[in-house]
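Each chain, letter by letter, is given below.
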Amino acid sequence: MTPDADEKGKEVAKVPIRRALVSVYDKTGLAELAGVLAAAGVQIVSTGSTAAAIAAAGVPVTGVEEVTGFPECLEGRVKTLHPGVHAGLLADTGRPGHAEQLAELGIATFELLVSNLYPFEATVAGGAAAEECVEQIDIGGPAMVRAAAKNHARVAVITDPAQYQEAADAVRGGGFTREQRQRLAAAAYASTARYDAAVASWFASAYAPDDVARDTGWPDVVSAVWTRREVLRYGENPHQGAALYVRPGAPPGLATATQLHGKAMSYNNYGDAAAAWRTAFDFTEPCVAIVKHANPCGIAVGADLAEAHRKAHECDPVSAYGGVIAANGVVTAEMAAQLADIFTEVIVAPGFEPAALTALTKKKNLRLLRCPPPAAPAAGPAVEWRAVDGGLLMQTTDRLDAPGDDPAAWELNAGPGAAAADLADLAFAWRACRAVKSNAIVLAHAGATVGVGMGQVNRVDSARIAVARSGQRCRGAVAASDAFFPFPDGLEVLADAGVRAIVEPGGSVRDEEVIAAAKAAGVSLYFTGTRHFFH
């Protein structure tokens, strides 16, 4: 090893790069990196299509078969699984006997491996047949990556084209430092761990070990690798530590949103922003959701976002203080002006007009997040999970796509059929109540919540809270309940307050009593047959 020194005078061990093994599926930036290696006098050994691409770029390259003395075979399944490759990656010339054995065997060492793997995850995501997915399981690539990472004391391993600039700089600068090799090795093991996790999870689903496992629809094994993106100031409370992790390869979302302004996001900020974001995109019309402690204190749709925000804020201005706001469109200057005198923690939206940014960035501590709209649902059911002591709960994601979520499928059980405007408000309230922690009661009028009762241990208390918060606005409003009324009392609270139409799932053993109470009050009562608990 050659001693060098960094800018602080600290000694850093560098290993000059004399020989590199290059074998990649993704050819992005390959020609440029190969040119840098060749210009530095590095011998490049390569495989199959990678060697052909390097040669096509006019860069000298040695085929791996010249090193192994054995041709690639079995349609490329075997090309690098050979002592001529792996001894060159794994040899520690600082150990007694390693150099002598290499000399006896006529094997030269590698100081650099550049490798990325077959696109297994992309193949699965594309809906390929099982046979094609199996063919995209890389064998030689992970073996080389793991070998080079294990021997990071003298070998650097590059697994991502995003690392090529660092590699080029290191080659020109006399080699990688010890710190660089350790960091790159950690990244390499993370990449193979993610790869193996994807393969294991797919196998557990595609090849369930018995008919019972197949029939359940749930795999025997679930694997995932998460990467830390940010250390947060603290968790739910100041004495708790916290960090934000992302899953590589996952669609863009709130965890990878771009922060445009404001102080760092907190654990609670992310939780509330996630709840608001999910709520806003439950609607196709311009929608604004205001959330506090993971519950909405206002949801509204409007002709534009400014109108939607005004209506959402009017639902509960007291609770909106210090809230988190999500919009399902680009925040306009008009909407931003309405926020001038309202203390808000976070605004998350797909974008912000320049004039809106100018106005909102005057608030030093207001966090502004730009986040792309949620990706279109993939084929098949989406899955979500929750940690419990000693384990993990998984369920398919609750979406608003069940038959009972279509008002045309609702069953009218009491009262006259709702007028078009009331039916539209019932549909709005039904969508909105999915965002409210159960037990959930939502009162709505003119495309906006006017009262929200949430998180109570009995439904009648949620009804009372919704009515109390709505004041006189409940008279002539409509209501939605996320689950059935177990007794008539909850419906009677709403009817006595002036609510004229209610939508709920039905399914209680006392449905007839609830229907009778609605008929007695002259309230229109619809059953959906679908429940939307949110705990």
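Note: the structure precedes this text.
Remember, predicted model here, so these are calculated numbers, not experimental data.

Undergrad: Before we go on, may I ask you to explain the overall build of the chain in this structure?
TA: Across its full length, the chain holds 20 helices and 26 strands. A compact globule built from 535 residues should have a C-alpha radius of gyration of about 24 Å, whereas the chain, at 30 Å, is more than 25% larger. Judged by the C-alpha coordinates and their principal axes, the chain covers about 100 × 60 × 45 Å. The buried share of the chain, reckoned over its 535 residues, is 46%. Per element, the accessible surface of the chain, about 25500 Å² overall, is 54% carbon and sulfur. Of note, the chain has its 46 positive side-chain charges centred 7 Å away from the centre of its 59 negative side-chain charges.

Undergrad: Could you clarify how one ought to interpret the packing of helix α4 (residues 83-90) against helix α8 (residues 140-150) in this entry?
TA: For any two helices packed against each other, the geometry comes down to the angle between their axes and how far apart the axes lie. For the pair α4 and α8, interaxial distance at closest approach is 8 Å and the crossing angle is 25 degrees. Classified by the angle their axes make, α4 and α8 are roughly parallel. The segment α4 lies against α8, with V85, H86, L89 and L90 engaging A143, M144, A147, A148 and K150. Broken down by class, the residue content of the contact of α4 with α8 amounts to seven nonpolar, one polar and one charged.

Undergrad: Sorry if this is basic, but what is going on with the packing of aromatic side chains here?
TA: For any pair of aromatic rings, geometry is given as the distance between the ring centres together with the angle between the planes. Within the structure shown, the criterion is met by eight aromatic pairs. Look at F120 and W202: their rings are 5.7 Å apart centre to centre, the planes differ by 85 degrees, and that puts the pair in the edge-to-face class. Within this pair, whereas F120 is found in helix α6 (residues 120-125), its partner W202 is found in helix α10 (residues 178-206), the two being separated by 82 residues in sequence. The two residues F120 and W202 agree in class, both being buried. Aromatic ring contacts, followed pair by pair, group F120, Y195 and W202 into a single cluster. Between R278 and the ring centre of F534, over which it is positioned, the NZ or CZ distance is 4.3 Å. Between the NZ or CZ atom of K437 and the centre of the ring of F534, over which it lies, the distance is 5.2 Å.

Undergrad: Got a minute to help me understand α8 in this structure?
TA: The α-helix winds at 3.6 residues per turn, so residues separated by three or four positions along the chain end up facing the same way. In terms of burial, α8 is a largely internal element, eight of the eleven residues being buried. For α8, the set of buried residues is G140, G141, P142, M144, V145, A147, A148 and A149. Residues of α8 that are buried sit in contact with β3 (19-24), α4, β6 (112-116), β7 (156-158) and α10.

Undergrad: Honestly, helix α9 (residues 164-172) in this entry has me stumped. Any pointers?
TA: Along α9, the residues that are buried comprise Y164, A167, A168, A170 and V171. Down the axis of α9, the smallest arc covering the buried residues is 165 degrees, so these residues share one side. Seen from the open side of α9, the exposed residues pointing more than 90 degrees away from its buried face are Q165 and R172. For α9, the secondary structure elements touched by its buried residues are β3, α1 (30-39), β6, β7 and β8 (176-177). At the exit of α9 stands G174, carrying a positive phi of roughly 100 degrees.

Undergrad: I tried to follow the packing of helix α18 (residues 459-470) against helix α19 (residues 488-496) on my own but got confused; where do I start?
TA: Two elements in contact, α18 and α19, have axes whose closest approach is 8 Å; the angle formed by their N-to-C orientations is 10 degrees. Relative to α19, α18 is oriented roughly parallel. Taking contact as the criterion, the partners of V460, A463, R464 and V467 in α18 are, on α19, D489, G490, V493 and L494. Looking at the contact of α18 with α19, its residues break down into five nonpolar, one polar and two charged.

Undergrad: What exactly am I supposed to notice about the sheet that holds β7 here?
TA: Strand-to-strand pairing in sheets goes through backbone hydrogen bonds, with the strands running parallel or antiparallel. Pairing within the open sheet is parallel, and its five strands lie in the order β5-β4-β3-β6-β7. Strand pairing shows two members of the sheet lacking a second neighbour, β5 (62-63) and β7, which therefore form its edges. Note: strand β4 (residues 43-46) against β5, two bridges, orientation parallel. Paired with S46 across the bridge in β5 is G63. Against the sheet, α1 engages β3, β4 and β6, with an angle of about 170 degrees to β3.

Undergrad: Would you mind going over the pairing of strand β14 (residues 323-327) with me for this structure?
TA: Burial of β14 is extensive: five of the five residues sit out of reach of the surface. Of the pairings in the sheet, the one linking strand β12 (residues 287-292) to β14 comprises four bridges and is antiparallel in character. Looking at the pairing, V291 lines up with V324 of β14.

Undergrad: How should I be thinking about the nonpolar core in this particular structure?
TA: One broad rule of soluble globular proteins: the nonpolar side chains tend to lie buried together. Counting 26 residues, the largest nonpolar core has I441, L443, V467, L491, L494, I502 and L525 as the members making the most contacts within it. When neighbours within four sequence positions are excluded, I441 is seen to be in contact with G451, V452, G453, R459, S462, A463, A466, A480, S481, F485 and L494. Ranked by size, the runner-up nonpolar core spans 25 residues in total, among them A429, A435, M454 and Y526.

Definitions and limits used
Residues numbered from 1 in each chain as written. Predicted model: local features only at pLDDT ≥ 70, side-chain atom pairs only at ≥ 80, totals over all residues. Heavy atoms only, no water. Helix = DSSP H or I, 4+ residues; strand = E, 2+ residues; numbered from the N terminus. Rg over C-alpha atoms; globule rule 2.2 N^0.38 Å. Buried < 20%, exposed > 50% of the residue type's maximum accessible area, 1.4 Å probe, protein only. Areas by Shrake-Rupley, 256 points an atom, 1.4 Å probe, with all protein chains shown as cover. Lys, Arg positive; Asp, Glu negative; His and termini not counted. Charge placed at Lys NZ, Arg CZ, Asp CG, Glu CD. Axes fitted to C-alpha atoms, helices over the stretch in contact; angles between N-to-C directions. Parallel < 35°, antiparallel > 145°, perpendicular 65-115°, else oblique. Contact = heavy atoms within 4.5 Å. Nonpolar A, V, L, I, M, F, W, Y, C, P; charged D, E, K, R; others polar. Phe/Tyr/Trp six-rings, centres within 6.5 Å; stacked < 30°, edge-to-face > 60°. Lys NZ or Arg CZ within 6 Å of the ring centre and 35° of its normal. Arc of directions from axis to C-beta. Pairing = 2+ DSSP bridges. Core = buried A, V, L, I, M, F, W, Y, C linked by side-chain atoms within 4.5 Å.

The values reported here are purely geometric and, on their own, carry no functional implication.
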